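# Per-entry structural report
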Amino acid sequence: MDYLLLLASMLVSNYFHLWRGVDAQPGFTIRDINISLEPSPDVARGTNVTVRCQALVSSSGSETLSREYKIFKDGITVYTKTISSPDHLLYRLPDARVSNTGKYKCVINIEGRTMTSDTKKLTVQGLSEPQLHFNKGVVSEGEELTARCTAPGETGSIIFYFYDDAKEILEERVSSNLSEVKLHFSSVGIHKLYCSYTILVTPYSFRSNRSQPLTLSVKELLIMPVLEIFPNNNIYEGDTLDILCTIRNLAYNSGEVHLYLSRGTQLLSRGGTNVNHSMIALAKDSEEFECRLEMGKVIKVDTKTVPVTELFSVPTLTMVPREVFQKENMTLTCRSNSYASERLHRDKLMYSLDLPGSFLIPKSTGVFFVKALLYDFNYTCIAQAKGIRKRSKPLTVRPKVTVSAPRISVVGRAVLGRPFKVLCRSDIGSLPINYTLFKEYDQLSTASVKLPFEQALFTVTIDQPDQINKFMCEAKNSPKEAPLSKRLDAAVVVPLSHPVLTIIPNLPEIAEGDHVLMICGVKGTPPITFKWYYDGNDQPFFTTTSDKNNTDYQIQAMSREQGGTYYCEAINHANNVVRSAPVIIEVRLALWKKALIVGFCLLVVSILVVVCVLCFRSKRGKREAAAELSVKPSSPKSDDSLTVSLTRDTEVYTEAPGKMERVDISVWSERPPQAANDEESSMVSNEPDVEYTEVVHPQQADHSRVPLRKGTETVYSELQNAALGAGDRHDYGSVEYADLNGEQAKMNDCQPQRHHCQDVPVPVD
C-alpha cells in the first residue's frame, strides 16, 4: 500500500513539473505590420518626412521579445534597428529631397519569424537652382578655363550639363552635388555659359532648371598659319607645283607648335614651323590644299584651291563590233576626247592597251586588233604625254559562245492524230538564240529564246507514225551557218481502236466444266491496260497491263453461274478508252448430265408404256366379257360353236397384188369351242352357211371405185361354201357379224389373178 502511494505521488509531481516547464516557454504570433508616410506620400522639397513602421504582435509570456526592423527603399535596405519595446519604429527624412523619392516597405523579424508590410511610394517634388562659377572671365584662344556647377542641398546620383550659347559642350555624372570641369575655347568672341543637372532615382529622373548665364570673353592669338603655292595661275597638268606652309607672328612663349600640309585626305607633309612640298600638277589637284597649325588646344587652318587645266582628258576605250564571239577578231580603240592644244600636239599623245601576255596588232594610233578570249575580260588603255599617264575605265568584253547543234525531243508523248510539243534546245550558246523547226527541210516555225529560263517549243501533229522522223530544228545566234539537229526520234503512241473480245471455245460449245479462254485484242501502241467487266458491273473483275496488243483471261472450270454478258475495255498512253462489243456466254449442261436426263426420261417413258399396256389389257378384258354374243352353228355336221365378240383396233391386212393393205376392223371372231347351253344348241339355221363380217377401212377412198356410204355402215359379205375341191371344201354352219367403222369403207375385191379369194376373218386373240 505504501508502494502505491509513493508511485502516485511521483506521477503527480512529474505532471506538475512538466506543465510548469511548458508554461515557461513564451509563445507569440505576428498578427500584422503596417508602414505609413508622414505627413503624406506627396511632399515638397524641404519637408520633414517620417516613415513609421508598426507591428502588431501577440505573446503569451511576460518576457520581452526582441524585434528587428528593416526599412527598404526600392528594394535596397536603407535602415535597420532592433528594439525590445513594443513601440513602433520611426525612420526620419529631414529636409526631404527628390533623391528620397521611391517605394518604401518594412520587415519585422522576431526569433526567425518575419512579416513584410505593404509598399508605400514617397514622391518629393522640387529641385534647387544650379549655380555656375568661373575661375576667370577673360581667356585667350585655347586657354584652359575651370568651371564649377553645384546643386545646393541635393543628394543622390546627379548628372551635370554645361552649355555654350545653348550648345551642350560637356556632360559629367557624379555622386555629389558638385561638378568641376576644365573648358577650352577656340572661337574668338563673347560666350554665354550656363549649367543644369538631372537627379537619377531609378527608374525615374528629375531635371532641374538652367543656372543663371555667365559671360566669357575669348581673345584671339596673333599666331596664324600661312599657305603659299607657286605658280598661282595658268597651271597645266605636268607643271611643277611648289607648296609652302609657314607660321606668322610666332611668339617665343607660344609653346609647342605643329604644322600639317595635306590635299584632301592625303597628308603631303608635316613639320614644326615651316613645311614645303613639290609635285607635278594634275587635274585632280584642283582639290583644296590645307595648312593646319596645332598649338595645344588651339587649332588654326589656312586653305587654298589651285586650278589646274587638263592637258588631255581621260581616254575612253571602245570596241567594234559591239558583240563578238569567242576567238573572233575585234577592234579596240583608245581615244582622249580633248587636249590642251596650246601645250600639247596630238602626235605627242601616246596610247597603249593594258593587256599583258596578249598578242596585239596596232593598226594606228590608239587602234588595236585583238582576238576575243574564251572568257570575260576587262580591257583598259593608257594615254600619256609629258609624264602624265591617264588610265581609261575598264571595258568588259564578254565573248559570246557560238550555239551548239541543237537537240530535238518530244515533250511528254507523241500521240498519233493529236497535237504535241517538240522542244529544240542547245547545250551551249549565248542568248538570244533563234530556233527554227523544219519538216523535210520545209520551214514550219521560228522561236526566239532571250532569257535563260525560256524554251523553244513547237506544236505539231502527225497522221502517220513514220512522220515523226521528218522533223528537225536549227539553232542560230550569229551570222555563221546555223547547225542543224538530227531527225526527231521518238516513240509514237497510236490510239487504241477495234477492240475485239474472242471466246474460246465457240459460244454454242461452252458447257459446264469447260476451260474458257477470253482474249481481248485491240489495235494501238502498248503498253495497254485491259479491264474485264461482267453483267454491267461498274468495277472490273480483272485488270492487267500488257506490252502486247492482246491479253487473255482464263476460267478453268466454267459454271452455269458464270454465264452472262462479258466485255473488255482497253486504254494506253493516248488515254482513249475503247470497249469491245458485249459477248453473251450461255453455259450448257455437261454431257453426263444430259445423258442422265435422257436416261431418266426413257425410264419414265418405259414405266408409262408398261402402265398403259397393263391398263389397256385390263380394260379389254372387261369389254370382251360384257359384249360376248353366242351364235350356234346351223349345220349338224359340226359341233363347233361360234362366239360373236366385239373388238376394236384389230389390224387386218388384205393382200392385193403388189400391195399390202392395212385395215382396222372389228369382227365377231370365232371363239374356241365351248360348252353351250341347251337353247343355243337347239338353234339350227336352214340357210346356207353364210358368214357376215363388218369391216372398217381407215384408208382413203379410191375414187375409181364405187364409194361406200359414210358413217357407220353394215356391209354384208356373203361367203358361200363353193365347191373348190375336196381338200378345200369347208362347211360353215354359223354367221358372224362385224361392225365396220370409218370415214369411208370399201370392199376387198379378189384380184383376177388369184384362183380364189378368202375373206374369212382371222381369229383374233
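It should be noted that the structure appears before, not after, this text.
Every chain's residues receive numbers from 1 upward, in the order its sequence appears when written. Side-chain atom pairs in this predicted model are given and counted only at pLDDT of 80 or more, local residue features only at pLDDT of at least 70, and totals for whole chains, interfaces and linings cover all residues. For side-chain calculations, the full set of non-hydrogen atoms in the structure is used, while hydrogens and water are omitted.

## Overview of the packing of aromatic side chains
Stacked, tilted and edge-to-face pairs are distinguished by plane angle, under 30 degrees for stacked and over 60 for edge-to-face with tilted covering the rest, among Phe, Tyr and Trp rings (Trp via its six-membered ring) whose centres lie within 6.5 Å. Across all of its chains, the model carries 12 aromatic pairs by this definition. Both rings, one in Phe-377 and one in Tyr-379, keep their centres 4.9 Å apart while their planes meet at 70 degrees; by these two values the pair is edge-to-face. Three labels apply to residues, based on accessible area from a 1.4 Å probe with only protein chains included: buried if under 20% of the type maximum, exposed if over 50%, partly exposed otherwise in between. Judged by its relative accessible area of 24%, Phe-377 falls in the partly exposed class. For Tyr-379, a relative accessible area of 1% puts it in the buried group.

## Brief notes about the sheet that holds strand 21 (residues 240-248)
One open sheet holds the three strands; their spatial order is 19-21-24, and the pairing between them is antiparallel. A strand with exactly one partner marks an edge of an open sheet, and here the two such strands are strand 19 (224-230) and strand 24 (274-280). Neighbour to neighbour, the strand axes of the sheet diverge by 15 degrees on average, direction disregarded. Think of it this way: DSSP has to see at least two bridges between two strands before they count as a pair. Starting at the N terminus, helices and strands are each numbered in turn, a helix being any DSSP run of H or I of at least four residues and a strand any DSSP run of E of at least two. Looking at chain direction, strand 19 and strand 21 are connected through seven bridges and run antiparallel. Bridge pairing in strand 21 links Pro-225 to Ile-247. Axis lines are fitted to C-alpha atoms, over the contacting stretch for helices. Their N-to-C directions set the angle, which ranges from 0 to 180 degrees.

## Remarks on a nonpolar patch on the surface
Each patch is built from residues that are more than 30% exposed by relative accessible area and take part in no salt bridge. Like charges join if they lie within 9 Å; nonpolar side chains (Val, Leu, Ile, Met, Phe, Trp, Tyr) join within 5 Å. The method behind every accessible area is Shrake-Rupley, applied with a 1.4 Å probe, and residues are considered shielded solely by the protein chains displayed. By definition here, a salt bridge exists when the distance from a side-chain nitrogen of Lys or Arg to a carboxyl oxygen of Asp or Glu is within 4 Å. There is a patch of nonpolar side chains on the surface, built from Phe-600, Val-604 and Leu-608 and spanning about 290 Å² of accessible area. Assignment of secondary structure puts Val-604 in helix 2 (residues 591-626). On the accessibility criterion, Val-604 (34% relative accessible area) is partly exposed.

## Re unusual backbone geometry
Between Phe-230 and Pro-231 the backbone carries a cis peptide bond, its omega angle lying at -15 degrees. Relative to the helices and strands, Pro-231 is located in the loop between strand 19 and strand 20 (235-236). The step from Leu-431 to Pro-432 runs through a cis peptide bond, and the omega angle for that step is -5 degrees. For Pro-432, the location among the structural elements is in the loop between strand 38 (420-425) and strand 39 (433-439). At Asp-165, a residue that is not glycine, the phi angle is positive and equals roughly 50 degrees. Positionally, Asp-165 belongs in the loop between strand 13 (157-164) and strand 14 (167-174).

## A look at the state of the cysteines
Pairs of cysteine sulfur atoms within 2.5 Å are identified as disulfides in what follows. Inspection of every chain in the model, using the stated rule, returns five disulfides. One disulfide bridge connects Cys-149 with Cys-195, the sulfur atoms lying 2.0 Å from each other. Across the disulfide from Cys-149 to Cys-195, rotation about the S-S bond amounts to roughly 75 degrees, and the bridge is consequently right-handed. Here Cys-195 lies in strand 16 (residues 189-201) and Cys-149 lies in strand 12 (residues 144-150), a separation of 46 residues in the sequence. For the pair Cys-149 and Cys-195, a shared accessibility class is recorded, and that class is buried. Two residues share a disulfide in this structure: Cys-334 and Cys-381, whose sulfurs sit 1.9 Å from each other. Because the torsion about its S-S bond is 70 degrees, the bridge between Cys-334 and Cys-381 counts as right-handed. Taken as a pair, Cys-334 in strand 29 (residues 329-335) and Cys-381 in strand 33 (residues 377-385) lie far apart in primary sequence, 47 residues in all. A relative accessible area of 0% places Cys-334 in the buried class. Owing to a relative accessible area of 0%, Cys-381 belongs among the buried residues under this scheme.

## Quick look at the side chain of Ser-392
Residue placement: Ser-392 occurs in the loop between strand 34 (388-391) and strand 35 (395-397). Here Ser-392 falls in the buried class, since its relative accessible area comes to 5%. The contact criterion used throughout is that any non-hydrogen atoms of two residues lie within 4.5 Å. Setting aside residues no more than four positions away along its own chain, Ser-392 makes contact with Val-314, Pro-315, Thr-316, Leu-317, Thr-380 and Cys-381.

## Quick look at the side chain of Ser-336
Mapped onto the elements, Ser-336 comes out in the loop between strand 29 and strand 30 (350-354). A polar contact of 2.9 Å, which involves the side chain of Ser-336, links it to the backbone oxygen of Ser-313. In this view, Ser-336 contacts Phe-312, Ser-313, Val-314, Pro-315, Leu-349, Tyr-351 and Ala-383; residues no more than four positions away in its chain are not counted. Here a polar contact is taken to be a pair of N or O atoms separated by no more than 3.5 Å, where protein atoms must pair a possible hydrogen donor with a possible acceptor and residues adjacent in sequence count only if both atoms sit in side chains.

## Some thoughts on the sheet that holds strand 22 (residues 258-263)
Spatial strand order, 23-22-25-26: four strands in an open sheet with antiparallel pairing. Only two strands of the sheet have a single partner each, and these edge strands are strand 23 (266-271) and strand 26 (298-305). Pairs of neighbouring strands in the sheet enclose a mean axial angle of 20 degrees, with direction left out of account. The pairing of strand 25 (residues 288-295) with strand 26 spans eight bridges and is antiparallel. If you follow Leu-293 over to strand 26, its bridge partner there is Lys-300.

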